[in-house]
Amino acid sequence: MTLDPETLGPARSDLASSLRSQRRRAGRTQTWLARRCAMSQTKVSNIESGKLTPSLVDVELILDALGAEEGSAAEIIALARTANTEWQDHWSSRRRGLDKKQNELARLESASKDFRFFLLSMITGLLATPDYVRASIADVPGDQSKTIAKKLERQQILYDPAKSFTFILTEQAVRWPLLPPMAMAVQLDRLASVSRIPQVRLGVIPLDGYVPERPLNTFTVYDQRLATVETGTGALILRDRKDVSAYLKDFETYEQYALFGDECRELLADWSVIFTRQRQ
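Quick caveat, the model's predicted, so the values are computed rather than measured.

1. Examining the overall build of the protein
At step 1: Looking only at helices and strands, one finds 13 helices and seven strands in the protein.
At step 2: Seen along its three principal axes, the alpha-carbon backbone of the protein occupies a region of about 80 × 45 × 35 Å.
At step 3: The burial tally for the protein puts 45% of its 280 residues in the buried class.
At step 4: Long-range pairs, those at least 24 residues apart, make up 77% of the contacts in the protein with a sequence separation of at least 6.
At step 5: Surface accessibility of the protein: about 14,800 Å² in total, with carbon and sulfur atoms responsible for 49%.

2. Digging into the packing of aromatic side chains
Where two aromatic rings form a pair, the distance of their centres and the angle of their planes describe that pair.
At step 1: Inspection of every chain in the model, using the stated rule, returns nine aromatic pairs.
At step 2: Measuring from ring centre to ring centre gives 5.7 Å for F115 and Y222, while their planes differ by 75 degrees; the resulting arrangement is edge-to-face. One end of the pair, F115, is in strand β2 (residues 114–119); the other, Y222, is in strand β5 (residues 219–222), and 107 residues separate them in sequence.
At step 3: For F115, a relative accessible area of 0% corresponds to the buried category.
At step 4: Ring plane angle 55 degrees and centroid distance 5.0 Å describe the contact between F219 and Y247, whose orientation is recorded as tilted. In this pair, F219 sits in strand β5 while Y247 sits in helix α12 (residues 241–255), placing the two residues 28 residues apart along the sequence.
At step 5: In this structure, R28 is placed above the aromatic ring of W32, and the distance from its NZ or CZ to the ring centre is 4.1 Å.

3. A closer look at the nonpolar core
Soluble globular proteins tend to bury their nonpolar side chains together.
At step 1: If you look at the biggest cluster of nonpolar residues, it comprises 42 residues, and the most contacted ones within it are L127, F165, F167, L169, L202 and L268.
At step 2: Counting residues per element, the ones that place at least two in this core are α7 (98–110), β2, α8 (130–136), β3 (164–170), α10 (171–175), α11 (181–194), β4 (200–205) and α13 (261–279).
At step 3: With seven residues, the single largest contributor to this core is α11.
At step 4: Not counting chain neighbours up to four residues away, the residues in contact with F167 comprise F117, L119, T124, L126, L127, L158, V200, R201, L202, G203 and F260.
At step 5: L56, I62, A65 and A80 belong to the second largest nonpolar core, which has 20 residues in total.

4. Some points on the sheet that holds strand β7 (residues 234–238)
At step 1: A sheet is described by the order of its strands in space; here seven strands give the open sequence β1-β7-β6-β5-β2-β3-β4, paired in mixed fashion. The open sheet has two free edges, formed respectively by β1 (85–89) and β4, since each of these has just one partner strand. Direction aside, the axes of adjacent strands within the sheet are offset by 10 degrees on average.
At step 2: Relative to strand β6 (residues 226–230), β5 runs antiparallel, the two being bridged by four bridges. Its bridge partner lying in β6, F219 is registered against V229.
At step 3: Contacts from α12 reach β2, β3, β4, β5, β6 and β7, with the element oriented near 115 degrees to β5.

5. Regarding the packing of helix α4 (residues 56–66) against helix α5 (residues 70–83)
At step 1: As a packed pair, α4 and α5 sit with axes 9 Å apart at the nearest point and diverge in direction by 160 degrees. Regarding the angle of α4 to α5, the classification is roughly antiparallel. Considering how the two elements wind past one another, α4 and α5 form a crossing that is right-handed. Mapping the contact onto sequence places L56, V59, E60 and L63 in α4 and A73, I76, I77, A80 and R81 in α5.

6. Looking at unusual backbone geometry
At step 1: Located in the positive-phi region is A38, a residue other than glycine, with phi close to 55 degrees.
At step 2: Inspection of the secondary structure puts A38 in the loop between α2 (30–36) and α3 (41–49).
At step 3: A positive phi angle, near 50 degrees, is found at D223, a position not held by glycine.

7. Structural notes on the environment of K151
At step 1: Here K151 shows up in helix α9 (residues 145–154).
At step 2: Setting aside its immediate chain neighbours within four residues, K151 contacts Q102, G125, V133 and I137.

8. Comments concerning the pairing of β6
At step 1: The element β6 is largely enclosed, with a buried count of four among its five residues.
At step 2: Counted between consecutive antiparallel strands, the loop separating β5 from β6 contains three residues, among which D223 sits at a positive phi close to 50 degrees.
At step 3: Relative to β7, β6 runs antiparallel, the two sharing four bridges. Within β7, the residue paired with A227 across the bridge is L238.
At step 4: Where β6 hands over to β7, the hairpin turn is made up of three residues, counted between the paired strands.

9. Observations regarding the pattern of salt bridges
At step 1: Counted under the stated rule, the structure contains 12 salt bridges.
At step 2: The partner of R81 in a salt bridge is D243, and the shortest N-O contact between them spans 2.5 Å. Of the two residues, R81 sits in helix α5 while D243 sits in helix α12, which places them 162 residues apart along the sequence.
At step 3: What makes R81 partly exposed here is its relative accessible area of 22%.
At step 4: In this structure D243 comes out as buried when scored by relative accessible area, which is 13%.
At step 5: Because the salt bridges share partners, they merge into one network encompassing R81, D240 and D243.

Rules used throughout
- Residues numbered from 1 in each chain as written.
- Predicted model: local features only at pLDDT ≥ 70, side-chain atom pairs only at ≥ 80, totals over all residues.
- Heavy atoms only, no water.
- Helix = DSSP H or I, 4+ residues; strand = E, 2+ residues; numbered from the N terminus.
- Buried < 20%, exposed > 50% of the residue type's maximum accessible area, 1.4 Å probe, protein only.
- Contact = heavy atoms within 4.5 Å.
- Areas by Shrake-Rupley, 256 points an atom, 1.4 Å probe, with all protein chains shown as cover.
- Phe/Tyr/Trp six-rings, centres within 6.5 Å; stacked < 30°, edge-to-face > 60°.
- Lys NZ or Arg CZ within 6 Å of the ring centre and 35° of its normal.
- Core = buried A, V, L, I, M, F, W, Y, C linked by side-chain atoms within 4.5 Å.
- Pairing = 2+ DSSP bridges.
- Axes fitted to C-alpha atoms, helices over the stretch in contact; angles between N-to-C directions.
- Parallel < 35°, antiparallel > 145°, perpendicular 65-115°, else oblique.
- Left-handed = near helix turned anticlockwise from the far one by under 90°.
- Salt bridge = Lys/Arg side-chain N within 4 Å of Asp/Glu carboxyl O.

Structure (C-alpha cells):
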C-alpha cells in the first residue's frame, strides 16, 4: 500500500461521508443497517459521523448489506484501509514530550495480553538497562528524566502473569555498540536475566546461519489486532486485519531462525565476554 501520511486524517472523514452517502443512496435508515449488520444504531451513527473508525470487516458488512456497486465498494474499502492506519512522526512526539508517548505505550500494553517484538537494530525499552535507555534518547534536547523513569517503570509489565511476551532480536540489535563495552556487557546480562521470566520468550537470530529473509523494519504486534512498524522518521500504526496478519506471518517466519532458552543465553554470554575483553 502506498501511503502518504497527510492523507490519513482526511481518509477517516471521507470514509464516514462515503458510507453515509451509500446508505442514503440505498434508501435505508441507520436502524435498518444496524440490524442487518448486527451492530447497534449508535455504532452506525458514530461511524457515519466520523467519531468511530470502523474496521475493514465492519465496512465490508455495511457495503454488502447496502448492495454497493463493485467500483464504489473498492474505493470505500481502500479508504477504510487508509483510515485504519495512523502515522506518528518523531518530531511531533518530541514536541508533545516523549514522556507522553510512554504513557500511550503503557495504556496500550495494559489493554493487550500477547506481545510480539521483532527488533532489527536496537534493544527495546522494555529490555533495556538505565544506561541503554539514556543513550537511546541522548539526541533529544532538554531534560529527559521523566521519559527515562517512565520507560523503566513500564518494564514491570514483564512480570504480569496475565501477559505473554516474545522478543526476537537480530545479532545486530544485540551487539550494536550504543554504549561503552562494559555497559554493553551489563545490557547483555540484562537480556539473559529477562529471558528467564516465565511469561517471556527471548530469542536471537545469529549472523552465522542461513536466513533467506530480508527484514526491513522493527515491528511489534499487539494481540492480533494492531501492529506498529518503526521507520527512520516515525511509526506506522496498523489496525487492518490483513496488515496485522502479514506481520504475524513475518514474525512466525523469523521465529524459526531464532535461538531461545539455553542456546540464546549461551550466545549472549559469549557476546558479553567479547565486550568485556574490549574493556581490558
